[in-house]
Structures are given as structure tokens and as C-alpha cells.
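An overview of the molecular structure
Spelled out, the chains give:
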Amino acid sequence: MSATELYTKHTRVWIPDPDEVWRSAEIIKDYKEGDKSLQLKLEDETLYEYPIDLQGSELPFLRNPDILVGQNDLTALSHLHEPAVLHNLKVRFLESNHIYTYCGIVLVAINPYEQLPIYEQDVIYAYSGPNMGDMDPHIFAVAEEAYKQMAREEKNQSIIVSGESGAGKTVSAKYAMRFFTTVGGSAGETNIEAKVLASSPIMEAIGNAKTTRNDNSSRFGKYIQIGFDKRYHIIGANMRTYLLEKSRVVFQAEDERNYHIFYQLCASSSLPEFKDLGLTCAEDFFYTSQGGDTSIDGVDDADDFEKTRHAFTLLGVKESHQMTIFRIIAAILHLGNLEIQGEWDREACSVSSEDEHLSSFCSLLGVEHSQMQHWLCHRKLVTTAETYVKSMSLHQVVNARNALAKHIYAQLFNWIVQHINKALHTTVKQHSFIGVLDIYGFETFEVNSFEQFCINYANEKLQQQFNSHVFKLEQEEYMKEGIPWTLIDFYDNQPCIDLIEAKLGILDLLDEECKVPKGTDQNWAQKLYDRHGASQHFQKPRMSNTSFIVLHFADKVEYQSEGFLEKNRDTVYEEQINILKASKYQMVADLFQEEKDAVPAAAVQKGAPRIRVRSARPAFKAANKEHRKTVGHQFRSSLHLLMETLNATTPHYVRCIKPNDEKLPFKFDSKRAVQQLRACGVLETIRISAAGFPSRWSYPDFLNRYRVLMDKRDLSKNDKKQICQTLLKNLIKDPDKFQFGRTKIFFRAGQVAYLEKLRADKFRAATITIQKTVRGWLQRARYRRLRQATLTLQRHVRGHLARRLFEHLRRTRAAVVLQRQYRMLRMRRAFLRVRSAALTIQAFARGMFVRRIYHQVLREHKATVLQRYVRGWLARARFRRARAAAVVLQCHWRRLRARRQLQALRIEARSVQHLKKLNIGMENKVVQLQRKVDEQNKENKLLNEQLSMLTAAHSSEVERLKKELQQHQQTQRGDGNQLLSLQEEMERLRMELERARGEREVIEDSHGKERDLLRKRISDLEEENALLKQEKEELNSRILCQSEDEFARNTVEENIQMKKDLEEERSRYQNLVKEYASLEQRYDNLRDEMTVIKQTPGHRRNSSNQSSLESDSNNPSICTSEIGDTEDVIQQVEEIGMEKAAMDMTLFLKLQKRVRELELERKKLQAQLEKKEQESKKSQVIETKTEVTSEQEDFAYNSLKRQELESENKKLKNDLNELRKAIADHATQNNSSNDVQDSYNLLLNQLKSANEELEVRKEEVLILRSQIMKAAQQKETGKNTVKERESNASWPNSDRHVDQEDAIEAYQGMCETNRLLEAQLQDQRREHEEEMEAMRNQLDLMQEELENQQQAFLQTLQLSPEVQVELGLQQEITRLTNENLDLKELLEKLEKNEKKLKKQLKIYMKKVQEFEASQTMVPVERSPRERNMQVAVQRKEKDFQGMLEYYKEDEPLLIRNLITDLKPQAVSATVPCLPAYILYMCIRHADYINDDQKVHSLLTSTINGVKKVLKKHQDDFEMTSFWLANTCRLLHCLKQYSGEEVFMTQNTAKQNEHCLKNFDLTEYRQVLGQLSIQIYQQLINIAEGILQPMIVSAVLENEGIQGLSSVKPMGYRRSASSAAEVDCSYSLDEMIRQLNTFHSTVCDQGLDPEIIQQVFRQLFYMINAIALNNLLLRKDVCSWSTGMQLRFNISQLEEWLRGKNLQQSGAAQTLEPLIQAAQLLQLKKKTSEDAEAICSLCTSLTTQQIVKILTLYTPVNEFEERVTVAFIRNIQKQLQERNDPPQLLIDFKHMFPVLFPFNPSAITMDSIHLPASLNLDFLNKV
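Residues numbered from 1 in each chain as written. Predicted model: local features only at pLDDT ≥ 70, side-chain atom pairs only at ≥ 80, totals over all residues. Heavy atoms only, no water.

A separate point is the overall build of the chain. Scanning the chain for helices and strands turns up 53 helices and 26 strands. In the chain, which comprises 1822 residues, the share counted as buried stands at 45%. By sequence separation, contacts in the chain at least 24 residues apart represent 75% of the contacts at least 6 residues apart. Counting only carbon and sulfur atoms, one obtains 52% of the accessible surface of the chain, whose full area is about 98,100 Å². (Helix = DSSP H or I, 4+ residues; strand = E, 2+ residues; numbered from the N terminus. Buried < 20%, exposed > 50% of the residue type's maximum accessible area, 1.4 Å probe, protein only. Contact = heavy atoms within 4.5 Å. Areas by Shrake-Rupley, 256 points an atom, 1.4 Å probe, with all protein chains shown as cover.)

This is how it looks when you write it as C-alpha cells:
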């Protein structure tokens, strides 16, 4: 394009300005070829005529469009030149407060002189991961790019930070290292990253100083290599230093300071450990006071010194070494204060031996005072023949002293650096490293010396490396895209470098002059003039013969040659060094030991990587080893090594810019900025870029941006590349202005601006068309509104007139209607009055006639009723008279017959024997009751005697205590505490007495109740006796009335009755056998109880209880005797109490066991007997002789059976009497303990009750015997009368016959049984005797113990009363404590036993009910044989109780199959959370069997197994959610079935049966709750790891509304990372699909809905935080179109939440900041009303976030407007009252506290099925 097309009216340009460097202006007249000037208008509206040189044809620089101003990358500017770069940096720095800007591969950092909140930990995490061009420019982005390239390309990296003093180099390098230590933290626990950061305060203290340009200027260069392993974790570091400014130790310019360490040490000199250093304030020392002010505003030297010491300690520097370092520094200060006295001839001088500073210097360094005093003023001259000692002049002594001070400090500096490297060294093999070079930038001052020359020489080398690297990258980019490569002319500074370092260059001539004995600076300068006078980079000043000028790449610098030789030699006299070598301090001596073949300041530490790079230039030959290397030579060698290292790495450049010299925050000095931009190579980068194709667009982005310039026909093509080529060929005629690459389009400088101008013109034309159309539409709409309004008015007026006429007509008609209606109403009312009067008269007349007829009918009815009642009374009177006569006749007749019958009965009563049987039974019962009454009276008497004895004992004890109390009161009246204790003792005894009285009253009450009960029973028996007598009289009367022919029938009935009695006798015999067995078992139990009582003072649970319970619960049947025993036990529990009945329950259970065994044996015998009887039925022969024989055998059998029973009862009675006596004796001997006494009394009562039972059984046997005898006599008499019927009464079983052999066999079986029982009784007696012997032995031991206690008591009595009381109280407290502990333990065990017994009683009661129900179901009509059979209740098949049993050794298998090896897919088709239910059923069974070890082991193994699974699958979302659901469900089960009411409100009755009975698992619930929190956090971390890479591209970059976004020109960084973005970009649909996967997974696993809501609330918070943080750090997404896209994407997420019913979870509220950010991007931002609207709307955003978004807001199109600075200030003013947190970014790692609300399950345990796929066959259902 020609100049006439570019320089048109309204085009803006840049013109030079002496104050602002460049100034903006606008062309007001089109430029034409040949014009000598350009008509311009400045920004202040003044006109300016810019002259144009026609020969040079230099037109002013064009200004970029406003849309390109403020770019993140300077290479994205269309017009690339110095004013555009300067303006872009100024706008970003002042308006947006952005201190970082990209310039291709260079990061430009402007020092803000203010602490900004952009370096927090959240910012580091935000920049860790994204590509470098995705985020706003930042030092962290450069560090992340280096770290990522190191990991991706496996190549070492370097970050080169340069700039002049005060530009912020050290801070930038520090933040880069902080990023590496945070992102690449050490893999182990070496804490190496903390050590790397700790090296910074040390190096700042010993290497930084205050200068006129910077308060913390680094006066040395350093290169830090941070080593990484194969996993890219930091393993170590190494530091190299370059060119320490040693002259600052002895000299400081005005308003400057020495190194910080001197002032820090002086500020801390008052500490005790520094008293020996002899230091005072810094103003007192020459080396620290030359600059004037010794303090820095806002810096506390003492506090910084503490940080330095802490850093030394962290790096492992010993305390002794630290003190030596501080001694050396203090010695340097004392050395500067030496007073050197000159002699009269000025050729010699001396130092006083009494100089305190010299003494301090020597003592601190441990050197000889006299030697140091001598050699400070003398030097040694060595010749070939001899050695001379020569005095030095004052000037020479001062220089020597200063040289010594500099040398000491330099050696100390090198020693510290070496020890830092030693602390950061690692033995692990280094895989790669990242180097951070913090080196001085190009310097030029009014007076430039040797230091500035070396610094500028280093910058020349770095600039050459930078230029070659930039050129190389450009070439690679062109070749990759297939662009024809043309050589670009760029500045090559190799001639300048050759001038300095080539053979016979400046450094060589300097070294040569230093070797000359009489060499001077002037001679060296003259040699430079002669040698390099013709060089284009060397000049001689006009007005000086001692200085020279070097034309560097940045500027020409004039150097003063004075001091060059001295500084290059760095001369220190050998004599002084030898004195220091002989120091008594080892560290001081080591500082000055010469190292063989060492390169000072550049030595590579052991373990550092070897850089094998072949230099492009031949290496310089080393100097002669005999001569000491000069400073210049050393610096050149170290610089070459540095360049080799940098060339072997991939460099990254950070250029630091100092905006002003006043150190004011956010002030931009254009002159100073331009100087630094030229010096640091930024403009050279711009020039190289501008020489080629600086603007680069990808084809899709170019098409989206400039599609408005295309035709519709071209847009219909599918090939985007072809569309772009067609467009450019039509728009830009010159084909050299652009090139088409493989993926991008390359443009020359200014072409993008031209395209933007065409695009803006197209938009402007479209805007005019739109405005024209809209304005026409507005006018037409206005005309239509007027016309419509006119028609509306006409319509309303006409309607009003019509309505008024209609109203008049309507009112007229209404008046006529009203008149008609009123007349009609008046006539109708008159008619109704006449009609009503006629009806009233008719009603009254008709009523009178009807009432007359009614009264007549009523009178007739009453007469009829009277007649009926009179006639009935007469008939009843006749009937009563006839009945009375009949009754009188009947009475007389019946009295006559009764008298006759009475006489007959009296005769009968005198001769009947039946009366004896009745009388004998009644007498026995009366005797039995009388005996019980007597025994009860005896017991009451015995209890009264015991009570009286106890009362007497208590009274005597009280009297004794009263006497003792009186004695103690007399002896110790002043002791109030003893009196109180005795009073308490009396109160206690009085309470015991009251308690004894209460017990006596209770006993008396119980005695009275029993006596009343016995009286009541006696009265009942008397009544029964009377009834029996009456029955006897009735029987006598019946006998008299019977005739003789009925005698035979009566005999048969009596025989039947006898058979029934025999059956009863048999049942009684069986009961006696059972009672015998039960008493035998009770004897065993009593013996066991005796053993327990002897061994322990309290009750302890017997291990057999559990087994007995289990055996009883598994018994398939129960008999009626067991039911009776159960009822007795229940009654006993109610009478005695649960505490004493616990032992009886044990006895009862054992008795039951023995009864069942005997019952089984009886059943076997009965079965054999019934079998014999059935066989006898078949062969039954009716023979009288045989029957008589059978009767005799039966009688003999019954007699033998009775005798055996009596003998066994007698033996049992004797044994029980002996046992009772033994127990009673033992009880009387051990009556000291109340608990033991109660247990013995309980046993005695049991024995008494057993004795009474035996007596009752004996009486029953006697009664049975008498009945048998009487039955036999009646049979004998009956045979003579009716022999034919005797066969029916010969045997108790009338329908069967028993052989004699069967009877004998049965008798022998009974005898054998009795013998067995007798043998068992003898064994038990023998065991009892042995146990009694053991009890006697134990009694002896107890007596011995009692004697010991008595002796101790006697010894106690010998003590003083106070000690006695105190000792007694201690013993009593000890005894009571032990008793309380025992009672507490007993109570706990009794409570557990009570629960079990209640449960067992419920089981027995249930069995009793089942037995009774089965009894009712048996038919009543059964044969006699069926009645004799034992009834057995069949056990029902029990249902599954929801418990799973397993063996202890199967627990690892259970954990492996159910937890470790379980896959969620294996139980996907079953009940959700099935493993949790199975584990709870196993826990419930362990609780049921009261196995606490099993419960503990199972729960511990479960928790450990879950942790192991989660550790193994720490990245598996499905597995983690599966175990989160199961852990929560197990926790809910432990709560739901814990038995606590608060968790049982929603349980069913069936679920309440599944509660735990024995254990409280509250602590395990807490452990499971903590485990659930850990699993929840792991689940969130997994989900965040999956979602985090998707968020930015899906939420911020996804184009949900196609065609809305508009791409802006992108720079080098953006274009370099665009290819990577395409591969890793995600759409919003992909992220929503991932959320669907998460939601379906957690729902399928059965996770609680409340937890699901918390999960997605956390995830959406992370989505909001990451998206908003990225938005706050990216300028390219802060636009109106992005706000629209962002709001649409958020609405999609909100719709997803509503679709999943998660709107109540709070997830939508977490997106509120992001929603407000999107709205903020869309709002209008111009007026104060807009500011108020923004402040009221953006309540979820902080002030900093709002200001940041407004600052980053960038228009995408020309017609959009930027946010003005005034508007942002207005926003800040309105929001200043907010108390917002200071941080800018949201902590995306923040995690909301998780809650696990209780969620009971409706599933019952017995309904759960175990699938076979789980391989849990070893689990048994209970």
C-alpha cells in the first residue's frame, strides 16, 4: 500500500517529543506525494506542521488502532516500532496496573515500587498447568513454561533475569524460585525447597546494599541451578556468583550504604552473645558511615539480622561458624577505624600499639598483635640476591588496609557461598535442572570504572546469545510453516566483543600492563589509543587523555582508566595473608588457604551436572600458573563457562524495567523507560520481528475475525484456507505483504492495522445503513401511533354520545315499569288480607268439632282398661289359694319320707369303712399344715432371736463408741477434725441401727403376712373338711338307698377307681424320681456356689450360664414339669428379688438339664413297657388263677417299689441334713460379711424348702400305701361275690396283661437305676468331703489372716489417737472403695445376667404358650393308652433372625471377599450398600453372643481393609464412591440399631428386634465418621482432578452461541500455544457428560442424597473458583461477547442442576460470583448510575475482583468503548466501605465441611439375600 492510502485524514501518528520522547497526533489533511509537510493536530487541539524530508522520505510512525492498545504481547501490535511499544507498556502500567508484558519470548517486568497481591499461593496454582499464552503475562507463567518444557522435552532450562539496579531483578528471581519450590516440591522429607528459599536472605545480607537507585541492590551476579529428579521434584541446588563489588566494603558514595550485614550486626550488637565483638552503632565506623544516612526507611536491620541467623541455622551452618562469621565482619569494621600516623618525611607511617581497634581486630581474628601492627606499615621486597623490608607511605598503607579488608570480605563471601552449596547438595542423581540467572544489566554512570566495564562486557555476551536465540526461533517458525526464508538484518555485536576479549583486546592489554612493574593507568590508556583507535566501536574523548569510549549495543559509554590496574590486580600483600593463615581460629586460617587449580567464584560443586558443550570459538589459553590470575581474567573465564551453560539450555528471558528514579509507585518516566528498553534488547526483538512477518493468524481465527469482509459466495465454501486466500488476494494487492503457512497466515507490519481499518469501515457503513433503517422505522412508527390515536379519539366521542341517548331511553322505560309494578303490588296485598281472614275462621270452626269427637272416644277407652285389671286380680287370687294348699300337702309327705331315709343313713354310717379313708386324708393334711405352722413359728422365733442379738450387738457397739468418743473428747478437745470424724462415725452407726430396725420391721411384716396366709389356708381347709363331711353324709344316704343287686356294679366302679389311683401313684413315683434327681443336681449347685463364695466376695458370672442358655434354647421339646419349675422360679424371683434369684436361676437351669436326662430314660422304659403290654393283648387269656397270681405280683411289685422309694428318700434326707449343718456351721464362722451371710441364709432357706418337700413326698407315699392296702382288702372281699368281673380290676391296666417276667425285668431295671443313683450319691458325698476339707483349709487361712489383722489392729492401738483415726479412715476408705468396685462390677454383671434371664424367660414363656396351645389341640376322646403317652411339642422351623455367624479364623477371608477383592460391579444388581448390611449382621451376631473381642477385631479389620482399598484405588471414582456409600450405610446401621431412642424413631417393630444388646459402639461410630470424611475428601479430589482440565475451555472458551465471539490479534505466545489448545480443549457438553457420569455413579452406589448434594456443591464451587480465577488473570476473555457466552454456559449448568433435582444443594449459589462476573462484563460502564448499578449487583465479588475485571475489560470491536480510569476510581470510591478480604483469587482448594445426616434404612436384616458370587459360604444364617 502506498503512503497516500495510509496517511489519510483522521489517521493518528507518532511524532518525536523532547519531554515525552513520543507524542500522538492526528492527520487533519490527506497526505499527497511531494508534500513537504504533514498537517497534524495534537491531543491538546493545537495544530502542528510536521516537516518531511523528501530525500529520506521518512514519514512519522503510524499509531495502532485502539483495539490493539493494551495487548499482552507487544508482537501482537500491527505497527511494531518504538513509540507503539512505549505507549502499550505505559497504558498497561498506568491504566491497568499490569507490570508484566510479553515481547515475543521476553517477559518485560516493570517495577511498581508497591507490593501487589499477585504472588499468593493461589496465583501459583492458577498458573501451574495452563499454557504460557493462555494467561496474563506473569513471572509465574515464564517459570511454568520452563518447568513444562523441562518435563516435556527433557532438556535443561534457564531463566535469564536482567535489568539495571532497582529494576526488580532479585525479586523476580526470588519469585521464580518460589514457584519452582511450590510446584516441584521435594519428593522426600529433605525440605530442600525451604533451604533454597532460605539462601535468599543470606545472599541479600552479604551481597546486597543500598544505592542511589535501589534500596536493596544486588552487587554481584548469581546463577542458581535447581536440580530435579526423574519425577521432576526438587532434589538440590547449586549457586555460582560473579564479580562481587568488593570496593563497596571500603568506599560508599553519597546516600549509599555498605553491605546490609554490617548494619544488621551493628543493630544487634547489644545482644549478650555479641558483647565481645566491641561493636557500637554503624555511625561510629568508617566503613559504614561514608554514605551519610545509615538507615533505610521501612527496614529494621535487627529484625533482618534475626532472619539471616535463622536462615544460617536452616542451612546447617553451625553456631560456632556463625559466631566466627560475625567476628570476621566485626574485625573488618575495626580494621577500617585504624588510626595511621604519618612520619615527618611522609615516606613512612605507623600504627599505635595501643590502638583499641587494632587490638580488637587481632583478638577477633586470632592473630599476633605485633606482627599485624608491623606488616600493616611495611612491605617485603624480594630480589634474586636478598630480601628487603621497606616502609610504606601513608597512601600506600591506606590502600593496603583497604585491600586487606576487601580480600577478607571476598574470601568470607566465597566461603558462605560454598557452604550454601554444600547444604543444597544432594547425593541423588540429577535428571535435569532449571537455572535462574540474576545478573546486573547494562550500566552507565557519570563516572564509569572497572566494575561497569565488566558488567557491560557480560551484557554484550548475553545480548549476543539473546539475538542468536531470537533469530533461531524466527527461522524455526518460518521453516515449520513452510514460509520462504530470507535473511533478516539484525545487529551483531561480535565486533564489540572482539574489541574487549580478543587477542590484544582491552582485557589483554590491561593484563599486560598489570605485569609491567611501573605500569600505570595512563600508559594503558595510551596503548588503547594506539591499538584500537581505528576501531568503529572504540573512540577517544576529545577533552581527556585518561578515558576511552566503547560503543556498546545499547549506548556508548565513557570509562575512566584511573583505578583499572589496581582493581584488576586486586593486590594484597603476602605478609598480611600469612599472618591471617596463622590465626588460632581454624575457620579464619582456612579462608586464606590457596586451592589448587580452583576457579574462584565459578567453581562447580561436587555433584553438579557437567555441561558438555563445545564452544563455537576457540578457548583462550590459560595464563602462566606462576603468575596470579587477574580479576579480568577470572571474570572472563567464569563468563565463558556461564555462556556454555546457557547455550546448552533453553533460555527464557525476563527484562526488568525501572519506571522512575524517584522510586514512586506507578509513575512512568518515558525517557528512562526508553533507555532501558534499548539497553535490554526489547526494541531489538521488536525490530527483528518487524523485519519479517510479525503478525500471525490461524486460519479459523482469521476467518472468524474478518468474515465481514467476505462475500456470501466465498463463505459457502468448505475450505477455510481457500476462503482466506481469496479474501487476502482481493484486499491486499501486494503479495509480499503476507504469506500463507501450513496453519497460519503471516503478515508484514501494518497489514493487520489495514485490515482492521477495512473492517471498521465495513462496520461503519453497516452502522449507517442500520441507523438509516432504524430512523425510518421510528418515523413510520410515530405516524402510525398518531393516526391510531386520532381514530381512537373519534371512536370514543361517538360512543359517548350514543351511550347518553341510550341512557335517556332506558330511564324512561324504567319509570313506566316501576309504576306498573307498584299498582299491582298494592292490589295484591288487599286480596291477601281478605283471603287470610277467611282461612282463619274456617280453621277454628273445624278444630272445635274434631276435639269434641276425641274426648268421647277417650272416655270409652279408659272404662275398658279398668274392667280388664279388675278381672285379672280376681283370677290370680283364686290361683294363689289353690297353690298354697298343694304345697302344704307336699311338705308333709316329703318330711315323712326324709325321716325314713335319715334313719336308714344313720344305720349305714355306722357300718361303712369308706369314712376311714376320707378321715385319714384329712387328718394327714391337717397334721401337715400344723407342722408347717410350727416350723414357721420356729423360724420366726429364730429370726427374732437373731434380731435381738443384732440389736444388742449394735447397742453395745454404740455404747463402746460413745465411750471411746468421750475418751477422745477428753484427750483431744482441740482437735475439731477428729470430733467431726467421730460424729460422722456415730451418724453412720446410727443409720446402720435404723437400717437394722427397718429390716426387723420388714421381717415382722413378712412374718405377719405369712401367718395371715397360713390362717387363711387353715380356714380354707376347715371349710373343705366341712364340705367333705357333708359329702360323706350324702354318700351314706346313697349307700342306704342302693339295693343289694347293685353291689357288684359298685365293686367294679371301685376297681376302676383303684386303677386310677394306681396310675396316680405311678405318676407320683415318677415325680419323686425327678425330684430326687433335681435335689441331687441342687446339691451339686450348692457345692458350686460354696466354691464361688469361698473364692470371691461377690457374685461372678459362671461361664456355664451361657452354655446352658444355648442348650436350653436349642431343646426341641418341653414337658409339663419344666413348666411348673419355671413358674416356681418366677415366683421365687418375685419374692426374693433379682439379685438373689440369679443363683437360683442357675440352679434351676441345671435341674432342668438333669430332669430332661431322666425324662428321656423314663420314656425309654415306658416305651418298652408299652411294647410288652401290646404283645400281651394279643395273647390275653381270661383265667382266674392267672389273674389272682397277677394281682399278687402287682401288689408285690408296688410294695417293693414303695420300699425302694422310702429308702432312697431317707438317704437323701440324711445327706441334705448333713450338708445343711455344714453350711450353717460355715456360715456362723464367716458372719463378718453381710453379702456372704445373705448368700448363706439363702442357701439354708433353699435346703429347708427341699426338706419340707421331702416330708410332703413322704406323707404322700404313706397315703398311697394305705390306699393300696385298702384297695387290696376290697379286692379280696369282692372276689367272693362277683368273680366273673374281677378280671377287669386285677391290674391297673385293665385292658392288657403283664407277664411275671416283664414285671421282674422292670423291677430289676428300677433296682439298677437306684444302684446307679446311690453310686452317684456316694461319689458326690466323697467330693463333698474333699471340698469341705478344702473349705476348712481355707477357713484356717482366713483365721490366720484375721489374726494378722488383729495384730495390726493392736499395733494401731499403740499409735497416737490422731494417727489411729487417720489410719482407720484410710483403711475404711480403702475397704469401701474395694467394696464399691466389687459391687459395681457385680451390678454390671447382674444387669447383663438379668437381660439374658429375661430373654430366656421370654423364650420359656413362649414355649409354655406353644405347649398349652398344642394341649388344647389334642382331642378329648382318647383311649387310655393315648392318655398315658408323653406329649411332646415339636419345634417349629425358626425364621432368619438377621444375624450372620462366622468363625474367628474366617475373618481374613470375610474381609478379603467382602472388601479387599470386591468389585462394585459384583453387587450392582443387589441391594445398594450390601457389604455394609452384611458387616452389620456379623457385628450383630458377635453382640448377640457377647463376644467383645470379635466385635473389636471385625470393626478394626473392616476399617483397615477399606483404607487399604482406597489407597490402592486412589484415582478410581467408582470405587471411592462405592466405599463412601457403604461406610456411611454402616455408620447409619450402627446408629439405627444402637438402642438409642433418638435414632429409633423411624424403626419398625421388626427393626427394633435387630438392635444391639450388649455393646455400645459410639467410639467406633466416631472412627467410621472420620473415615467417611477421608473418603469424601478423596472422592472430591478425584472428581476435581478429572474436571479441572475441562473447566477453562468448557466454561470460558466454549462457544455455546455460535458466531458471537470475535477473535483479536494474537501475539507470539498465543500463537505458539494455539496448536496445543486444539488438542486439549473440551466442550461444555463433554463436561456435562462427565458430571452425568459422576451423578449416575453415586446414585447407583446408593449414596445418601444429602451427601450427593454436598459433593456437587463442592464440585460446582471448584468450577466457579477456577473459571473466575482464570477470568481474573486473562485479558483476552474480559469482553462483552465472552460475558454472553459465559452466562449461556452457566445457564446450561443450572439447567443440569434442575434436571438432576440438585437445586436445593446450594451448588447454584456457588456459581453466583461467576454469574455476577458475566453480568459485569455485559453491563454498561460509563456513567455514575452505571457504577451504582454495578456496586448493587456485584455483591458476591470483592472490590479487588470488580476493579480487576473492569481493568481487564477489552473491547473486541471498534465500536465498543474502553472502561475509563475515572469510572474505575468511582467504583473504588463507592466500594471502599466494604470489608472485603485482601486476596484477589478464590481459594479453589477450599473444601466445605461435610455433614453426614442420619438416614435410617427401611430394609430389615432378615430380608437381605447373600448372592453366591460373593463366595461367603462360610457365613451361617442365624
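All right, on to the packing of helix α51 (residues 1728–1737) against helix α53 (residues 1765–1774) then. Each pair of packed helices can be described by the angle between their axes along with the distance between the axes. For the pair α51 and α53, the least separation of the axes is 10 Å and the interaxial angle reads 45°. Here α51 lies oblique to α53, going by the angle between them. Between α51 and α53 the crossing geometry is right-handed. For the pair α51 and α53, the contacting residues are Ser1728, Asp1730, Ala1731, Glu1732, Ile1734 and Cys1735 in the first and Phe1767, Asn1770, Ile1771 and Gln1774 in the second. (Axes fitted to C-alpha atoms, helices over the stretch in contact; angles between N-to-C directions. Parallel < 35°, antiparallel > 145°, perpendicular 65-115°, else oblique. Left-handed = near helix turned anticlockwise from the far one by under 90°.)

This part takes up helix α39 (residues 1451–1460). Listed in full, the buried residues belonging to α39 are Glu1451, Leu1454, Ile1455, Asn1457, Leu1458 and Ile1459. Tucked inside the fold, the buried residues of α39 contact α40 (1474–1488), α41 (1492–1512) and α42 (1517–1536).

The subject of this paragraph is a nonpolar patch on the surface. A cluster of nonpolar side chains, contributed by Ile770, Val774, Trp777 and Leu778, occupies part of the molecular surface with about 400 Å² of accessible area. The topology assignment puts leucine 778 in helix α27 (residues 751–911). Among the residues examined, leucine 778 registers a relative accessible area of 43% and is labelled partly exposed. (Patch = residues over 30% accessible without salt bridge, like charges linked within 9 Å, V, L, I, M, F, W, Y side chains within 5 Å. Salt bridge = Lys/Arg side-chain N within 4 Å of Asp/Glu carboxyl O.)

Glancing now at the sheet that holds strand β11 (residues 221–228). Strand pairs in the sheet, formed through backbone hydrogen bonds, run parallel or antiparallel to each other. Reading across the sheet, the seven strands line up as β6-β7-β21-β8-β17-β11-β12 and stay open at both edges, with mixed pairing between neighbours. The open sheet has two edge strands with one neighbour each: β6 (100–103) and β12 (234–242). Across this sheet, the average inter-strand angle for adjacent strands is 20°, counted without regard to direction. With eight bridges connecting them, β11 and β12 associate as antiparallel partners. If you follow tyrosine 223 over to β12, its bridge partner there is arginine 240. (Pairing = 2+ DSSP bridges.)

The next subject is the pattern of salt bridges. Under the counting rule described, the total for this entry stands at 34 salt bridges. The partner of aspartate 255 in a salt bridge is lysine 210, and the shortest N-O contact between them spans 3.6 Å. Within this pair, whereas aspartate 255 is found in the loop between β12 and α7 (260–267), its partner lysine 210 is found in the loop between β9 (208–209) and β10 (217–218), the two being separated by 45 residues in sequence. The class for aspartate 255 is partly exposed, based on a relative accessible area of 39%. The partner of lysine 658 in a salt bridge is aspartate 661, and the shortest N-O contact between them spans 3.9 Å.

Right, let's get into the packing of aromatic side chains. Applying the stated rule across the entire model yields 42 aromatic pairs. Ring geometry for tyrosine 147 and phenylalanine 228: centres 5.8 Å apart, planes at 65°, overall edge-to-face. Of this pair, tyrosine 147 sits in helix α4 (residues 139–153) while phenylalanine 228 sits in strand β11, placing them 81 residues apart in sequence. The exposure classification of tyrosine 147 matches that of phenylalanine 228, with both residues buried. (Phe/Tyr/Trp six-rings, centres within 6.5 Å; stacked < 30°, edge-to-face > 60°.)

Pairing is antiparallel across the open sheet formed by three strands, whose spatial order is β18-β19-β20. In the strand order of this sheet, the two ends are held by β18 (538–539) and β20 (556–560), each with one partner. In terms of strand pairing, strand β19 (residues 547–551) meets β20 through five bridges, oriented antiparallel. Across the sheet, the residue bridging to isoleucine 549 is glutamate 558, located in β20.

Below, the discussion takes up the confidence of the model for the chain. Looking at the chain as a whole, the pLDDT averages 77, with 75% of positions reaching at least 70. In the model of the chain, helix α31 (residues 1104–1113) stands out as the element of lowest mean pLDDT, 36, in contrast to α7, which has the highest, 93. Low confidence marks residues 596–627, where pLDDT is under 50. Its contacts with residues over four positions away, or in another chain, come to 30 contacts. (pLDDT = per-residue confidence, 0-100.)

Below, the discussion takes up the side chain of glutamate 513. Following the sequence through the fold, glutamate 513 ends up in helix α16 (residues 506–515). Note on glutamate 513: relative accessible area 1%, which makes it buried.

Right, let's talk about unusual backbone geometry for a bit. Positive phi, close to 75°, is recorded for histidine 10, a residue that is not glycine. Within the secondary structure layout, histidine 10 lies in the loop between α1 (3–6) and β1 (12–17). Located in the positive-phi region is lysine 663, a residue other than glycine, with phi close to 60°. The residue lysine 663 is located in the loop between β21 (650–657) and α22 (670–680) in this model.

With that settled, the discussion passes to a positive patch on the surface. A cluster of like positive charges, contributed by Arg876, Arg878, Arg880, Arg881 and Arg883, occupies part of the molecular surface. Exposure remark for arginine 883: the relative accessible area of 49% places this residue in the partly exposed category. (Lys, Arg positive; Asp, Glu negative; His and termini not counted. Charge placed at Lys NZ, Arg CZ, Asp CG, Glu CD.)

It is worth spelling out the packing of helix α14 (residues 450–481) against helix α15 (residues 494–501) at this point. Between α14 and α15, whose axes approach to 10 Å, the crossing angle comes to 140°. With respect to each other, α14 and α15 are oriented oblique. In this structure, α14 crosses over α15, and the sense of that crossing is left-handed. Between α14, through Phe453, Tyr457, Glu460, Lys461 and Gln464, and α15, the contact on the second element is made entirely by Gln494, Cys496, Ile497, Ile500 and Glu501. Across the contact of α14 with α15, the residue classes break down as five nonpolar, two polar and three charged. (Nonpolar A, V, L, I, M, F, W, Y, C, P; charged D, E, K, R; others polar.)

Counting 321 residues, the largest nonpolar core has Phe180, Phe262, Phe548, Ile1478, Met1631, Phe1656 and Leu1819 as the members making the most contacts within it. The leading source of residues in this core is helix α44 (residues 1562–1596), at 16 residues. In contact with leucine 1819, other than residues within four places in its own chain, are Leu1444, Glu1445, Tyr1446, Leu1454, Ile1478, Cys1482 and Leu1810. Listed in part, the 19 residues of the second largest apolar core include Tyr699, Met710, Leu728 and Tyr754. (Core = buried A, V, L, I, M, F, W, Y, C linked by side-chain atoms within 4.5 Å.)

This part covers the environment of alanine 167. Within the element layout of this structure, alanine 167 appears in the loop between β8 (157–163) and α5 (169–183). Measuring from C-alpha to C-alpha, the distance between alanine 167 and asparagine 660 comes to 9.4 Å, with 493 residues separating the pair along the chain. Excluding residues that lie within four positions of it along the chain, alanine 167 makes contacts with Ala109, Asn111, Cys656, Ile657, Lys658 and Gln676.

The subject of this paragraph is the pairing of strand β16 (residues 387–391). Side chains on a regular strand alternate between the two faces of the sheet. Here five bridges tie strand β15 (residues 378–382) to β16, and the two strands are oriented antiparallel to one another. Its bridge partner lying in β16, lysine 380 is registered against valine 389. Between β15 and β16, which pair antiparallel one after the other, the connecting turn spans four residues.

When the terminal C-alpha atoms of α4 are compared, their 21 Å separation across 15 residues agrees well with the 21 Å that a helix rising 1.5 Å per residue should span. Taken together, the buried positions of α4 are occupied by Ile139, Phe140, Ala141, Val142, Ala143, Glu144, Glu145, Ala146, Tyr147, Lys148, Gln149 and Met150. Positive backbone phi, at 50°, marks glutamate 154, one or two positions downstream of α4. (Expected span 1.5 Å × (residues − 1).)

This part takes up a negative patch on the surface. Where like charges cluster on the molecular surface, the negative patch consists of Glu283, Asp284, Asp293 and Asp297. By the secondary structure assignment, aspartate 293 is in the loop between α8 (286–289) and α9 (301–314).

Bringing the pairing of β12 into the picture now. Taken across its nine residues, β12 has nine buried, putting it largely inside the fold. Connecting the antiparallel pair β11 and β12 is a turn made up of five residues, with tyrosine 232 showing a positive phi of about 60°.

Within the fold, arginine 401 resides in helix α13 (residues 394–424). Salt bridges are absent for the buried arginine 401, whose nearest opposite-charge side chain, aspartate 355, sits at 8.3 Å. Polar side-chain contacts of arginine 401 include one of 3.3 Å to the backbone oxygen of glycine 336. Only 3.4 Å separates the side chain of arginine 401 from the side chain of asparagine 402, close enough to count as a polar contact. If we skip the residues at most four places from it in the chain, arginine 401 touches Phe286, Tyr287, Leu335, Gly336, Leu338 and Ile340. (Polar contact = N/O pair within 3.5 Å; in protein donor to acceptor, adjacent residues only side chain to side chain.)

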